Amino acid sequence: MAADEQEDEALSTETAVADEADGADDEPQKLSLDVDVAKPSACERRITVTISREDIDRYMDDAFSDLMPNASVPGFRTGRAPRKLVVQKFRDDVAERVKGSLLMDSLAQVSEEEDFAAISEPDLDLEAVEVPEEGPLTFEFSIEVRPEFELPKWKGLKLKRPVHEFTGEDIDRQIEQMLARYGQLVEHDKPASEGDYLVVNLRGTHDGREVSTDEERVVRIRETLSLADGRVEGFAKLVDGAKPGDKFQAKVKLTPDAPNAELRGEEVDLQIEILEVKRLRLPELDEEFLGEIGSFKTEGDFRDAVQKDLERQLEYTQRRRYREQISELLTESANWELPPALLKRQSVRELERAVMELRRSGFSEAEIRARENELRQNSRAATADALKEHFILERIAEDEDLDVADGDYDREILLMSMQSGESPRRVRAQLEKRGLMDVLRNQIIERKVMELVQSEAKFDDEAYEPPVKSVEAINFAAGGAEGDIPDASDEAEDESED
């Protein structure tokens, strides 16, 4: 018993000394790192980190000190085994834990001390890293970073501002588009014409080999049929007068970013088989219907609300036109080469950002889908432009201390809920579920920067005519695809039904 008491007293003394030492310096001791940074490209860094033997031994010693009170070694009471035996028994387990701590702490220190802004997680092969029994620990990782550049002059830019006074005809056309979601497709026994709907089977072939099929797809007859990987120009003329049983042929030139990489840039034959011709029957604007869609008391109230929607869409057009001009001016010298992997990964985010912006601006699902397909068909170029623009706007935001407040999120989500007809709470839940809150944050920050740039700009007004809808967009790839094509609109709709 006397020996045990002496041992307990010794352990207590060691603990007290250790606690006193810890209290003397609350700041964690920095690692002694040797860091080499290679720059394969403007947005890539290849980093080699060497951790000194002294740091490894310090971490190992601390880990074993933490383990000693609870170490279980045969022949000894828990916590009573000699340290030498504990080290022999548990070295591999402790080394694995120490490896994790050393990597996490060294990565944090490199991020803090090195002069770059990371835009991705480190690409590090954890299994390849081992804690050596002697000598330093060296490991490598790759990371994507924001390119280094001199911020272009952004104050005093000269911009053109599109302006338009909405007429009754504009409002009538918008009402027809809005009512389409409440309309009913009915059989039409006359030959098809522009504006009618077709139920079709689609079949794509390349060199006689079938590459895609789609059955009973509903398509509205418009001048252009936009696909996920190409366009059928003159579609309305092609199927004019169509009847059930008719078959039509069209050629589709696949885009460089088509889902089927093997056929990118190739021409695909698209067969269109007509199953049914239908016409859209719109609901009557009576008191009951007006109450259902928005608690409108009169048709005049409804038309006023539609005009406000049109004005919101004009504001979106103005923002987009400003953004195009500002981006062109600011990125004129941004000739950085962006890694293909970065472009591929960010293309999905850019698509989601664009859809989010359209939703908050009150566009219909058909208009959103048309814009989606347009972006898909030029995804690599569009993503490269958007990324260059984002890097510059992010720098301006940092220099001007622009940030996002809770109220900013609430306002954006409210506008999106007005377009979708869902509650703001449900829209927020969908964004969080899909991991899109960071996309929303970037969108808000970029808009604030754009507003700041515009506040310092000089404007010239130019007449603008809202385009008459001439594109029907469907989520179908004529060249085929491996698996389903991601669709930001469909994902949002599917989740709203859960």
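Here goes a summary of the coordinates provided. (Residues numbered from 1 in each chain as written. Predicted model: local features only at pLDDT ≥ 70, side-chain atom pairs only at ≥ 80, totals over all residues. Heavy atoms only, no water.)

**Things to note about the overall build of the protein**
So, step 1. Tallying secondary structure elements over the protein gives 14 helices and 13 strands in all.
So, step 2. Relative to the 2.2 N^0.38 estimate, which gives 23 Å for 498 residues, the radius of gyration of the protein is 31 Å and therefore markedly larger than a compact globule would have.
So, step 3. Projected onto its principal axes, the C-alpha positions of the protein cover 105 × 55 × 50 Å.
So, step 4. Counting only residues that meet the buried cut, the protein has 44% of its 498 residues in that class.
So, step 5. Of the contacts made within the protein by residues no fewer than 6 positions apart, 75% connect residues no fewer than 24 positions apart.
So, step 6. Taken as a whole, the protein presents about 27,900 Å² of accessible surface, with 45% of it coming from carbon and sulfur.
So, step 7. In the protein, 69 positive and 121 negative side-chain charges are present, and the distance between their average locations comes to 5 Å. (Helix = DSSP H or I, 4+ residues; strand = E, 2+ residues; numbered from the N terminus. Rg over C-alpha atoms; globule rule 2.2 N^0.38 Å. Buried < 20%, exposed > 50% of the residue type's maximum accessible area, 1.4 Å probe, protein only. Contact = heavy atoms within 4.5 Å. Areas by Shrake-Rupley, 256 points an atom, 1.4 Å probe, with all protein chains shown as cover. Lys, Arg positive; Asp, Glu negative; His and termini not counted. Charge placed at Lys NZ, Arg CZ, Asp CG, Glu CD.)

**Here we look at the side chain of histidine 188**
So, step 1. Relative to the helices and strands, histidine 188 is located in the loop between β5 (184-187) and β6 (197-206).
So, step 2. Apart from the residues lying within four places of it in its own chain, the contact partners of histidine 188 are Asp196, Val277, Lys278 and Arg279.

**Observations regarding the packing of aromatic side chains**
So, step 1. All chains considered together, the criterion is met by six aromatic pairs.
So, step 2. Taking 5.4 Å as the distance between ring centres and 85° as the angle between the ring planes, the aromatic pair formed by tyrosine 182 and phenylalanine 289 counts as edge-to-face. Here tyrosine 182 is found in the loop between α4 (168-179) and β5, whereas its partner phenylalanine 289 is found in helix α6 (residues 287-294), with 107 residues between them in sequence.
So, step 3. Since its relative accessible area comes to 40%, tyrosine 182 is described here as partly exposed.
So, step 4. The exposure class assigned to phenylalanine 289 is buried, which follows from its relative accessible area of 9%.
So, step 5. Joined through ring pairs, the aromatic side chains of Phe149, Trp336 and Phe391 make up one cluster.
So, step 6. The ring of phenylalanine 90 carries the charged tip of lysine 89 above its face, separated from the ring centre by 5.4 Å.
So, step 7. Here the basic side chain of arginine 395 rests over the ring of phenylalanine 149, its NZ or CZ set 4.9 Å away from the ring centre. (Phe/Tyr/Trp six-rings, centres within 6.5 Å; stacked < 30°, edge-to-face > 60°. Lys NZ or Arg CZ within 6 Å of the ring centre and 35° of its normal.)

**Focus: the nonpolar core**
So, step 1. Membership of the largest hydrophobic core comes to 37 residues, with the highest contact counts inside it found for Ile326, Leu330, Leu431 and Leu440.
So, step 2. Only α7 (299-330), α8 (340-360), α10 (379-399), α11 (406-420), α12 (424-433) and α13 (437-455) provide two or more residues apiece to this core.
So, step 3. Residue contributions to this core peak at eight residues, all from α13.
So, step 4. Setting aside residues up to four positions removed in sequence, leucine 330 forms contacts with Pro152, Lys153, Trp154, Leu157, Ile392, Leu393 and Ile396.
So, step 5. Judged by nonpolar contacts, the second largest core, of 31 residues, contains Met60, Val86, Val131 and Ile143. (Core = buried A, V, L, I, M, F, W, Y, C linked by side-chain atoms within 4.5 Å.)

**Topic: the sheet that holds strand β13 (residues 471-473)**
So, step 1. Overall, mixed pairing links the three strands, which are arranged β9-β8-β13 in an open sheet. If you trace the sheet from one side to the other, it starts and ends with β9 (231-233) and β13, each paired once. Direction aside, the axes of adjacent strands within the sheet are offset by 15° on average.
So, step 2. Strands β8 (224-226), β9 and β13 of the sheet are contacted by helix α9 (residues 365-377), whose axis makes an angle of about 80° with β13. (Pairing = 2+ DSSP bridges. Axes fitted to C-alpha atoms, helices over the stretch in contact; angles between N-to-C directions.)

**Here we look at the sheet that holds strand β3 (residues 137-144)**
So, step 1. Strand order in the open sheet formed by three strands is β1-β2-β3, with antiparallel pairing between adjacent strands. With partners counted over all chains shown, the strands left at the sheet margins are β1 (33-41) and β3, one partner each. Direction aside, the axes of adjacent strands within the sheet are offset by 20° on average.
So, step 2. Here strand β2 (residues 44-51) runs beside β3; their pairing, made up of eight bridges, is antiparallel. Residue pairing across strands places threonine 48 opposite glutamate 140, the latter belonging to β3.

**Some details on α4**
So, step 1. Taking 1.5 Å per residue as the helical rise, α4 with its 12 residues ought to reach 16 Å, and the 16 Å between its terminal C-alpha atoms agrees with that figure.
So, step 2. Those residues of α4 that sit buried are Asp170, Ile171, Gln174, Ile175 and Leu179. Around the axis of α4, the buried residues are gathered within 160° of arc, so they sit on the same side.
So, step 3. Turning to α4, the residues buried within the fold contact α6 and α7. (Expected span 1.5 Å × (residues − 1). Arc of directions from axis to C-beta.)

**Looking at a negative patch on the surface**
So, step 1. A cluster of acidic residues, Glu284, Asp286, Glu287, Glu288 and Glu292, forms a negative patch on the protein surface.
So, step 2. On the accessibility criterion, glutamate 287 (65% relative accessible area) is exposed. (Patch = residues over 30% accessible without salt bridge, like charges linked within 9 Å, V, L, I, M, F, W, Y side chains within 5 Å. Salt bridge = Lys/Arg side-chain N within 4 Å of Asp/Glu carboxyl O.)

**Observations concerning the packing of α4 against α7**
So, step 1. At a minimum axis separation of 10 Å, α4 and α7 run at an interaxial angle of 95°. As summarised for this structure, α4 and α7 are arranged roughly perpendicular, according to the angle between their axes. Along the contact surface, α4 presents Gly168, Asp170, Ile171, Asp172, Gln174, Ile175 and Met178, while α7 presents Phe302, Arg303, Val306, Gln307, Asp309, Leu310 and Gln313.
So, step 2. Of the residues contributing to the contact of α4 with α7, the split by class is six nonpolar, four polar and four charged. (Parallel < 35°, antiparallel > 145°, perpendicular 65-115°, else oblique. Nonpolar A, V, L, I, M, F, W, Y, C, P; charged D, E, K, R; others polar.)

**Considering unusual backbone geometry**
So, step 1. Despite not being glycine, aspartate 207 shows a phi value in the positive range, around 55°.
So, step 2. Within the fold, aspartate 207 resides in the loop between β6 and β7 (209-220).
So, step 3. The phi angle at aspartate 401 is positive, at roughly 55°, despite the residue not being glycine.
So, step 4. Among the secondary structure elements, aspartate 401 is positioned in the loop between α10 and α11.

**Notes on the packing of α8 against α11**
So, step 1. The N-to-C vectors of α8 and α11 enclose an angle of 75°; their axes lie 7 Å apart at closest approach. Here α11 runs roughly perpendicular to α8, going by the angle between their axes. Contacts between α8 and α11 involve Met356, Arg359 and Arg360 from the former and Glu412, Leu415, Met416 and Gln419 from the latter.
So, step 2. Along the lines of polarity and charge, the residues of the contact of α8 with α11 split into three nonpolar, one polar and three charged.

**Topic: the environment of glycine 156**
So, step 1. Inspection of the secondary structure puts glycine 156 in the loop between β3 and β4 (158-163).
So, step 2. Note on glycine 156: relative accessible area 36%, which makes it partly exposed.
So, step 3. C-alpha separation for the pair glycine 156 and aspartate 57, spaced 99 residues apart in sequence, amounts to 58 Å.

**Digging into the pairing of β7**
So, step 1. With nine bridges connecting them, β6 and β7 associate as antiparallel partners. In the sheet register, valine 199 faces β7, and the bridge partner there is valine 218.
So, step 2. Adjacent in sequence and paired antiparallel, β6 and β7 are bridged by two residues, among which aspartate 207 carries a positive phi angle near 55°.

In short, geometric facts, not functional conclusions.
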